[in-house]
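One letter stands for each residue in the lines below.
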Number of protein chains: 2
Amino acid sequence: MNEFDSHELHEKIEELLEQKNIKALKALLAEVNPVDVAEALEGLDEKDILLTYRLLPKESAADLFVAADPEFQEVLVKGFSDVELRAVMDEIYLDDAADLIEEMPANVVARILKNTDAETRKSINALLLYPEDSAGSLMTPEYVSLYPSMTVEEAFARIRRDGVDKETVYTCYVTENRKLVGVVSVRSMLVAASGTKISEIMHQNLIAVETTDDKEFVASQFQKYGYLAIPVVDREQRLVGIVTIDDALEVMEDEATEDIEKMAAIVPTEKPYMKTGVFATYAKRIPWLLLLMISATFTSQIINSFESALASCIVLTGFIPMIMDTGGNAGGQASVTIIRGLSLGDVELRDVWRIIWKEVRVAIVCGLTVAPVAFLKVLFIDRMLWATDINGILVALVVSITLMFTIVVSKLIGCTLPLLAKKIGFDPAVMASPFITTIVDALALLLYFGVASSILHI
Amino acid sequence: MNEFDSHELHEKIEELLEQKNIKALKALLAEVNPVDVAEALEGLDEKDILLTYRLLPKESAADLFVAADPEFQEVLVKGFSDVELRAVMDEIYLDDAADLIEEMPANVVARILKNTDAETRKSINALLLYPEDSAGSLMTPEYVSLYPSMTVEEAFARIRRDGVDKETVYTCYVTENRKLVGVVSVRSMLVAASGTKISEIMHQNLIAVETTDDKEFVASQFQKYGYLAIPVVDREQRLVGIVTIDDALEVMEDEATEDIEKMAAIVPTEKPYMKTGVFATYAKRIPWLLLLMISATFTSQIINSFESALASCIVLTGFIPMIMDTGGNAGGQASVTIIRGLSLGDVELRDVWRIIWKEVRVAIVCGLTVAPVAFLKVLFIDRMLWATDINGILVALVVSITLMFTIVVSKLIGCTLPLLAKKIGFDPAVMASPFITTIVDALALLLYFGVASSILHI
């Protein structure tokens, strides 16, 4: 079992390294999952990292390498002898190798490719040619392929012979003239008689993706159908690779993070927070801060153009933040719901009228709840009922009517803007809260001053 | 391949039903994945749903049932004969059966349990006893267990005999006196000689979770270690079930949605947007709208207490939205980053000082960028340089100094509040953008009026 957390493991390894107790360290490493070792080695100096790596059981070394961060992989590759580097490149899967090549600096890449055999190099290069977010860039060509005419016994012999190098052996792909014609699981092969033909037990109504499909779509197929691997075909339906569920898991998590960052007005980051430097973090945040600050010019202008009205009834100023924030919140609720729904495939463009109709009704009910509460709040909590210089009841009426309209307008904009973005091929998440807030702020102020003018005659 | 999308498939099925072309419908259903059929059947009337269900190939029927939504499952169960119901309950896995029981109304549950054999009923009841978000509620007891002394040949015989009913056969669990002592993959069994003892090829340094572990933690273990299934043990390290990766995928997606909803001031919903009624959607949004509206009382009070200062320099009012929004954005960037980092395990509580130190530096650099840009914007875009009644340069100075401080304060609050929430056992996501916005609004206004008082002497 996992007895240590990564922090404890780090300290334990550091202690054994200091004591130069190589024997105990080796014994410890044999007991711990290589993924945990990778995490625990962070922060050690390069000499100690390499020493520890060399003490790992042979089968764990490649696992640790794949689990490590790019920075850490770079340290390892730079410290490796050619023999060690070749061993790792032989061991890791091609999709991981392609990812490695993409992450490393040029001089390290040169050394890696020098220590990779010609055939592997060719396969890696082929993978690198696919667009960054495509199924092609996610897949590995290391799958087990069978023929329809094979028997189960022959298929098992093939898996035994070739399976070691394949990313998964549990789903095998049946091809004819390189075209994908079926899938067969090891499970159904295990329960079949050994003479059964593969064509008899394979599934033909199979789910496949094309190399150019977006990786988010690929991940959603895993979610939908519950498979462990999905085949990738080219335009002629020829099988070129498979995507395994562990890659889909990573895509889903990355995409969710990306959406969350965009909704919070951050340019998406690739690295975890603790590993991003101050200036990298700054660079991801400053564009939106500046853009939104400057776009607030509209709200300033609206307020300034009502300057004289405000001066004659200065108490109205105090409710500006409440009205703007409520609009922002109401709009954000709608936009974020639609954006997430679009990401998950729960919401589709063709639903636009049903969505608008629903949001309008939700907004009206929300408005009808918020408005009277606000009316009472303005009268009793903000003590407008006791105001002597103005008619407090009218002020409360202005605020609550404005809130009612603001909520309806905000929800309408919140739900339509992401759909519009999707329609014209923009990213719906970028249209989310902060951007909508700016629009909603301006509209809320216009509504406020419009309602105030007509009720208070200012 | 998947030739239709669910919308086209729906229309095709409807058309064939209208034509009463049962033969063509049956042929169509045999070619399509049951998950797609489940989606396509939505919106048909109950009679047609049952008719279509009965035309499905036998092996697809249970798959369709599991993929269907609860409302749809209810329609099916109500229309099923006892024989059909028993067939489904025999076919589906225990974790899916437990989920079904939880979702159905009491009278339907009674009928389901009546058509379930005593042993299955006992297992379902055991699963239902685990807390809702625990590993226990997620797991299924249907795993393949082996003994260390078995040979590979004996193990395969066991898989062939028992495997049909198990959720996965690809990872087998090795037990001794019900205690989990190792895991062995079918892959390693396939490449081993048939006389090899399981104890020789099993892994002993295994990753397991406890029944009481949170399901989010369980999902993160899949993400971290890349396994297809993870064993669940009780306090005495006895194996009681397994969680498979498809369940982890669902948990990850649900948790991301939940976090996003909380950040957008929505009480998390269980159902997809298009299937939630107007009042259900309203109920999830109104609590936060009301709470945040009322908490804006603070900002009103702050503005009102500076009423005379504002009256003497009414132009200051125009910049209130810009200052508040920039504070909200800056704080939201920090809080959302930390909340997501906590969810993914990239950020830990012990990092608190490193986080604060980093955010302070990021905030200072952001502030130093935003402040001069704002200074110029106020002078030239808002045309304060040409103001005749007041000193526009001083106003621009007030605004830009306020922004500088607001950004630092907002980022500080944004990063510490989620960590504080986590520390005291609250949900960090609830502390996110909207809540922080209210606090940041109030502080930004105090800063604004403070800076204005000292520079403009009002």
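Conventions adopted
Residue numbers restart at each chain and count upward from 1, following the sequence in its written direction. Chain letters and ligand numbers both follow the written order, the letters beginning at A and the numbers at 1. Under the rules for a predicted model, residues below a pLDDT of 70 receive no local features and side-chain atom pairs below 80 are neither given nor counted, while totals for whole chains, interfaces and linings still include all residues. Starting at the N terminus, helices and strands are each numbered in turn, a helix being any DSSP run of H or I of at least four residues and a strand any DSSP run of E of at least two. Computation of the radius of gyration draws on C-alpha atoms alone. For the globule rule, the value is 2.2 Å times the number of residues to the power 0.38. Backbone-placed C-beta atoms define the burial measure: a residue is buried with 20 or more other C-beta atoms within 10 Å of its own, exposed with 12 or fewer, and partly exposed in between. Working definition: the nonpolar core is a set of buried Ala, Val, Leu, Ile, Met, Phe, Trp, Tyr and Cys residues, joined through C-beta atoms within 7 Å. Note on pairing: DSSP must find at least two bridges between two strands before they are called paired. Placing a C-beta atom from the backbone of each residue, one calls two residues in contact when those atoms lie within 7 Å. Axis definition: a line fitted to C-alpha atoms, limited for helices to the stretch in contact. Angles are taken between N-to-C directions and run from 0 to 180 degrees. In what follows, roughly perpendicular refers to angles from 65 to 115 degrees, roughly parallel to angles under 35, roughly antiparallel to angles over 145, and oblique to any angle outside these ranges. The crossing is said to be left-handed when, going from far helix to near helix, the turn is anticlockwise and less than a right angle, and right-handed when the turn is clockwise. In this count, Pro and Cys sit with the nonpolar residues alongside Ala, Val, Leu, Ile, Met, Phe, Trp and Tyr, while Asp, Glu, Lys and Arg are called charged and the others, Gly among them, polar. C-alpha atoms of residues with pLDDT of at least 70 in both copies form the basis for the least-squares superposition of the copies. Helices are assigned an expected span. That span is 1.5 Å times one less than the residue count. Each residue is assigned a bend, namely the angle between axes fitted to the seven residues that terminate at it and the seven residues that start at it. This arc corresponds to the set of directions leading from the helix axis out to the C-beta atoms. Known as pLDDT, the predictor's confidence for each residue is given on a scale from 0 to 100.

A short note on the overall build of chain A
Move 1: When you go through chain A residue by residue, the secondary structure sums to 23 helices and six strands.
Move 2: Computed over C-alpha atoms, the radius of gyration of chain A comes to 30 Å, more than 25% over the 23 Å expected from 2.2 N^0.38 for 458 residues, which places it beyond the range of a compact globule.
Move 3: For chain A, the spread of C-alpha atoms along the principal axes amounts to about 90 × 60 × 40 Å.
Move 4: Taking all 458 residues of chain A together, 45% fall into the buried category.

A look at the nonpolar core
Move 1: Core analysis: the biggest nonpolar cluster contains 212 residues, and Val218, Val243 and Ala248 of chain A together with Val243 and Ala248 of chain B have the highest contact counts within it.
Move 2: Ranked by size, the runner-up nonpolar core spans 30 residues in total, among them Leu9, Val32, Met89 and Leu100 of chain B.

With respect to the pairing of strand β6 (residues 239-244) of chain B
Residue and element names in this part refer to chain B.
Move 1: Judged by how many residues are buried, β6 sits mostly within the fold: six of six residues are covered.
Move 2: As judged from the five bridges shared by strand β5 (residues 229-233) and β6, these two strands associate in the antiparallel manner. Across the sheet, residue Pro231 finds its bridge partner in β6, namely Ile242.
Move 3: Linking β5 to β6, which pair antiparallel, is a turn of five residues; within it Gln237 sits at a positive phi near 65 degrees.

Examining the interface of chain A and chain B
Move 1: Opposite the 99 residues of chain A that make contact, chain B presents 99 residues.
Move 2: Of all the elements, helix α20 (residues 320-344) of chain A adds the most residues to the side of chain A that touches chain B, at 15 residues.

Details of the packing of helix α6 (residues 70-79) of chain B against helix α9 (residues 106-114) of chain B
All names here are of chain B.
Move 1: It is the contact of α6 with α9, at a shortest axis distance of 11 Å, that shows an interaxial angle of 55 degrees. Considering their axes alone, α6 and α9 lie oblique with respect to each other. With respect to the hand of their crossing, α6 and α9 are arranged in left-handed fashion. Facing Glu74, Val77 and Lys78 of α6, the residues of α9 in contact are Val108, Arg111 and Ile112.
Move 2: When its residues are assigned to classes, the contact of α6 with α9 shows three nonpolar, no polar and three charged.

Points about the sheet that holds β5 of chain B
Residues and elements named next belong to chain B.
Move 1: The sheet built from three strands is open, its strands ordered β4-β5-β6 with mixed pairing. Each of the sheet's edge strands pairs with one partner strand only, and the pair in question is β4 (209-210) and β6.
Move 2: Of the pairings in the sheet, the one linking β4 to β5 comprises two bridges and is parallel in character. Across the sheet, the residue bridging to Val209 is Val232, located in β5.
Move 3: Packing of helix α16 (residues 245-263) onto the sheet brings it into contact with β5 and β6, and relative to β6 it is tilted by some 65 degrees.

Thoughts on the relation of the copies chain A and chain B
Move 1: Of the two same-sequence chains, chain A is brought onto chain B (RMSD 0.1 Å, axial shift 0.0 Å) by a rotation of 180 degrees. Here the two chains are linked by the operation of a two-fold rotation axis.
Move 2: Comparing contact sets, 100% of the residues at the interface of chain A also lie at the interface in chain B, consistent with an isologous, same-surface contact.

What to know about helix α17 (residues 278-295) of chain A
All names here are of chain A.
Move 1: Between its terminal C-alpha atoms α17 stretches 26 Å, which fits the 26 Å expected from 18 residues at 1.5 Å a residue.
Move 2: Residue Arg285 marks the point of greatest curvature in α17, where the axis turns by about 35 degrees; the proline Pro287 follows within four residues.
Move 3: All of the buried residues in α17 are Thr281, Lys284, Arg285, Trp288, Leu289, Leu292 and Met293.

Structural notes on the sheet that holds strand β3 (residues 179-185) of chain A
Move 1: One open sheet accounts for three strands, arranged β1-β2-β3 (chain A); its pairing is mixed. In this open sheet, the two strands that pair with only one neighbour each are β1 (145-146) and β3 of chain A.

Section: helix α15 (residues 215-225) of chain B
Move 1: Within α15 of chain B, the full set of buried residues consists of Lys215, Val218, Ala219, Gln221 and Phe222 of chain B. Down the axis of α15 of chain B, the buried side of the element spans an arc of 150 degrees, and every buried residue falls inside it.
Move 2: Tucked into the core, α15 of chain B has its buried residues touching α16 (245-263) of chain A together with α11 (135-138), β4, β5, β6 and α16 of chain B.
Move 3: Looking one or two residues past α15 of chain B, Gly226 of chain B carries a phi angle of roughly 70 degrees, positive in sign.

Re the packing of helix α1 (residues 6-18) of chain A against helix α2 (residues 22-31) of chain A
Residue and element names in this part refer to chain A.
Move 1: Where α1 contacts α2, the two axes come as close as 8 Å, and the packing angle between them is 155 degrees. The angle between the axes of α1 and α2 places the two elements in the roughly antiparallel class. In this structure, α1 meets α2 at a crossing whose hand is left-handed. Residues Lys12, Ile13, Leu16 and Leu17 of α1 form the contact with α2, whose participating residues are Ala24, Leu25 and Leu28.
Move 2: Taken together, the residues of the contact of α1 with α2 break down into six nonpolar, no polar and one charged.

Concerning the confidence of the model for chain A
Move 1: Chain-level statistics for chain A give a pLDDT mean of 89 and a share of 98% at 70 or above.
Move 2: Model confidence for the complex: the whole-complex pTM is 0.84, and ipTM, which rates the interface, is 0.83.

Quick notes on the environment of Asn205 of chain B
Move 1: By the element assignment, Asn205 of chain B lies in the loop between α14 (198-201) and β4.
Move 2: Once the C-alpha coordinates of Asn205 of chain B and Ala110 of chain B are considered, the two residues, 95 residues apart in sequence, prove to be 44 Å apart.
Move 3: Once you skip the residues sitting within four places of it in the chain, Asn205 of chain B turns out to touch Glu31, Val32 and Asn33 of chain A.

Observations regarding unusual backbone geometry
All names here are of chain B.
Move 1: Even without being glycine, Lys20 reaches a positive phi, approximately 50 degrees.
Move 2: Position of Lys20 among the secondary structure elements: in the loop between α1 (6-18) and α2 (22-31).
Move 3: According to the C-beta neighbour criterion, Lys20 is exposed, with 9 such atoms within 10 Å.
Move 4: If you check the backbone angles, Arg383 has positive phi at about 55 degrees while not being a glycine.
Move 5: Note that Arg383 resides in the loop between α21 (352-381) and α22 (392-423).

Here we look at the pairing of β5 of chain B
Move 1: Buried residues dominate β5 of chain B, accounting for five of its five residues.
Move 2: Burial along β5 of chain B is two-sided: the face carrying Ala229, Pro231 and Val233 of chain B and the face carrying Ile230 and Val232 of chain B are both buried.

Some remarks on the environment of Glu236 of chain A
Residue and element names in this part refer to chain A.
Move 1: Tracing the backbone shows Glu236 in the loop between β5 (229-233) and β6 (239-244).
Move 2: Under the C-beta neighbour-count criterion, Glu236 is labelled exposed, with 8 such atoms within 10 Å.
Move 3: Expressed as a C-alpha distance, the spacing of Glu236 and Ala283, which sit 47 residues apart in the sequence, is 43 Å.

Looking at the environment of Lys377 of chain A
Move 1: Among the secondary structure elements, Lys377 of chain A is positioned in helix α21 (residues 352-381).
Move 2: Residues Lys377 of chain A and Ser400 of chain A, 23 residues apart in the sequence, show an inter-C-alpha distance of 9.7 Å.

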